[in-house]
Amino acid sequence: MLINQFLFLGAILFCIGVYGVLARRNLVLVLMSIELILNAVNINLVAFGAMWHATDPANLSGQVFALFVIAVAAAEVGVGLALVLMIYRNRQSIDADDVDLLKG
Amino acid sequence: MLALLVAQNIAFYVIAALIVFGAIRVVTCKNLVHAALWLVLVLGGVAAQYILLAAEFVAITQVLVYLGAIVVLFLFGIMLTRSKTGTDTDLDHTGPKRVGAAIIGLLLFGLMGYALWDQYRDQEFGTLIVQRTAAVSDSIFSTYLLPFEVISVLLLAALIGAIVLARRD
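Predicted model, so just to flag it, every value in this text is computed and none were measured.

Q: Got a sec to walk through the overall build of chain A? Specific residues and values, please.
A: Counting its secondary structure elements, chain A contains three helices and zero strands. Along the chain direction, N to C, the helices and strands of chain A fall in the order α-α-α. Here the C-alpha radius of gyration of chain A, 17 Å, is well above what a compact globule of 104 residues would show, namely 13 Å. Expressed along its principal axes, the backbone C-alpha trace of chain A runs to roughly 55 × 25 × 20 Å. Counting every position in chain A, which comprises 104 residues, the buried fraction comes to 61%.

Have a look at this one:
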């Protein structure tokens, strides 16, 4: 298998996620798109980790970093959904365009 | 050996097609709950790709954490914000904003694709060795012990923060 197969899959997933973050208005869907982006990064990390592991079997950094990213993503979703819930309670809407108090 | 390689490639392209299709549905679907369910397909496909990369522990963690916990959290979020469970036309930006988002996505893909192709071209993995869970844990608890502890504190902080934010006074 080529390394580029996995890297291109990661790139495609990343760009779809960026499109989702920019094009979606519902805040829960924006968070889902961020999950797509984080998964794209994880594919890259594991692919590079496998590439390193083939030459240096003691080196598992790629996988360890992927695990750290998964842990941070879990924390991010927890706090993010709590924030969305608070915005919903205060404004009865989770439309990203409605949260414009700082706009002059 | 060659037969194995062919099988690996076929599996890769089938799963990759599923992932890309699911991801496009996640960002275009008009129904919130369906978007969450398409996300399950994407995350499961990514776990399968980890298996192809011989990273078994990350694949299992992906299934446990993402499919088991994060998707359920999303479904709770959808229900708690009382979003419409049926078709909802109010989920996307319209007109120029959406076109702009698509253009930014395509430009980003062009840039990354060029950089990746320029650097790696048709470099092979060589033989993938299974990366054993015991070796991963040895690596976490020796080389990466400090980041691991920091992650623990971060998770605790996120847990307390989420409770404080979402609690009704």
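Having seen it, we continue.
Q: Tell me what's going on with the packing of helix H2 (residues 27-55) of chain A against helix H3 (residues 56-80) of chain B, and back it up with residues and numbers.
A: Viewed as axis vectors pointing N to C, H2(A) and H3(B) meet at an angle of 175°, and their least axial separation amounts to 11 Å. As judged from the angle between their axes, H2(A) and H3(B) are roughly antiparallel. Touching Val28(A), Leu31(A), Met32(A), Glu35(A), Leu38(A), Asn39(A) and Val46(A) of H2(A) are Val58(B), Gln62(B), Tyr66(B), Ile70(B), Phe74(B) and Ile78(B), all from H3(B). Along the lines of polarity and charge, the residues of the contact of H2(A) with H3(B) split into 10 nonpolar, two polar and one charged.

Q: Explain the interface of chain A and chain B residue by residue, including any values.
A: Contacts between chain A and chain B engage 70 residues on the former and 85 residues on the latter. Across the interface of chain A and chain B, roughly 7,300 Å² is buried in total on both sides, 75% from carbon and sulfur atoms. Area buried by chain A at its contact with chain B is led by Met1(A), Tyr19(A) and Arg24(A), which between them contribute 11% of it. Our count for the contact surface shared by chain A and chain B stands at one salt bridge. For the salt bridge of Arg24(A) with Asp92(B), the shortest nitrogen-to-oxygen distance reads 2.9 Å. On the surface where chain A and chain B come into contact, there are 19 residue pairs in polar contact (both at pLDDT 80 or more). Residue contributions to the side of chain A that touches chain B peak at 24 residues, all from helix H3 (residues 61-91) of chain A.

Q: Describe the pattern of salt bridges, and please don't skip the residues or the numbers.
A: Taken as a whole and assessed by the stated rule, the structure comprises five salt bridges over all chains. When the shortest N-O distance is used, the salt bridge between Arg121(B) and Asp118(B) registers 3.7 Å. Judged by relative accessible area, Arg121(B) falls into the partly exposed class, the value being 42%. The exposure class assigned to Asp118(B) is partly exposed, which follows from its relative accessible area of 42%. Beyond isolated ion pairs, a larger network of salt bridges with shared partners links Arg24(A), Lys30(B) and Asp92(B).

Parameters and conventions
Residues numbered from 1 in each chain as written. Chains lettered and ligands numbered in written order. Predicted model: local features only at pLDDT ≥ 70, side-chain atom pairs only at ≥ 80, totals over all residues. Heavy atoms only, no water. Helix = DSSP H or I, 4+ residues; strand = E, 2+ residues; numbered from the N terminus. Rg over C-alpha atoms; globule rule 2.2 N^0.38 Å. Buried < 20%, exposed > 50% of the residue type's maximum accessible area, 1.4 Å probe, protein only. Axes fitted to C-alpha atoms, helices over the stretch in contact; angles between N-to-C directions. Parallel < 35°, antiparallel > 145°, perpendicular 65-115°, else oblique. Contact = heavy atoms within 4.5 Å. Nonpolar A, V, L, I, M, F, W, Y, C, P; charged D, E, K, R; others polar. Buried area = accessible area lost by both parts, 1.4 Å probe. Salt bridge = Lys/Arg side-chain N within 4 Å of Asp/Glu carboxyl O. Polar contact = N/O pair within 3.5 Å; in protein donor to acceptor, adjacent residues only side chain to side chain.

Read these as geometric descriptors, not functional statements.
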